[in-house]
Amino acid sequence: MRALKAILVIMGLFIAAGFVFIGYEVYNRMTDPERRAEPGAPPPPPPGGIPETALGLPEGATIETLVPSGSRVVFSVRLPDGQGDRLYVLDPRNGAVTATVTTGPETTTGPEDARAAAPRQ
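All figures in this text were calculated on a predicted structure; none of them were measured in a lab.

Rules and cut-offs
- Along each chain, numbering runs from 1 in the same order as the chain's sequence is written.
- It should be noted that, the model being predicted, local features are given only for residues of pLDDT at least 70 and side-chain atom pairs only at 80 or more, the latter also being counted only at that level, while totals for whole chains, interfaces and linings use all residues.
- Just so you know, side-chain values use all the structure's heavy atoms and leave hydrogens and water out.
- A run of H or I in DSSP becomes a helix once it reaches four residues, and a run of E becomes a strand once it reaches two; helices and strands are each numbered from the N terminus.
- Between buried and exposed lies partly exposed: a residue is buried under 20% and exposed over 50% of the maximum accessible area for its type, with that area taken using a 1.4 Å probe on protein chains only.
- Definition used for salt bridges: Asp or Glu carboxyl oxygen within 4 Å of a side-chain nitrogen of Lys or Arg.

Caption draft 1: Examining the environment of Val77 more closely. Turning to its location among the elements, Val77 is positioned in strand β2 (residues 72-78). On the basis of relative accessible area, Val77 is assigned to the buried category, the value being 1%. Residues Val77 and Thr62, spaced 15 residues apart in sequence, show a C-alpha to C-alpha distance of 5.5 Å.

Caption draft 2: Representation of the pattern of salt bridges in the model. Under the criterion given, the structure shown has four salt bridges. Here Glu25 ties to Arg29 by a salt bridge, and the two come within 3.5 Å at their closest N and O atoms. Note that Glu25 and Arg29 are positioned in helix α1 (residues 2-31) at a spacing of four residues, about one turn of the helix. What makes Glu25 partly exposed here is its relative accessible area of 24%. Overlapping salt bridges, with partners in common, bring together Glu64, Arg78 and Asp85 in one network.

Written as structure tokens, this is what we have:
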């Protein structure tokens, strides 16, 4: 019976020490201004707001939908004249577009176009 009481007291002390440690870590993380939310996250924007991000869209393009996805925002853009659609992944912390997916007709040059554009020797 005495051993059971000793084990119970020791476990209670471990639980109390765990709560003290968790409280200490929460306090440190809340009061540390240099701490980032994610490792490898981009630096915060400069004071005064996020710089404007130019997407280079043709005239007549419209933003269709906005969907939050974790710490990013995904939005689709409908291009005019049946050119297709684009999906952009935006990081709202710094305004950077981290990925772009385009649908519609392929815009790469064919092999004959590449030969014609190559410099002659």
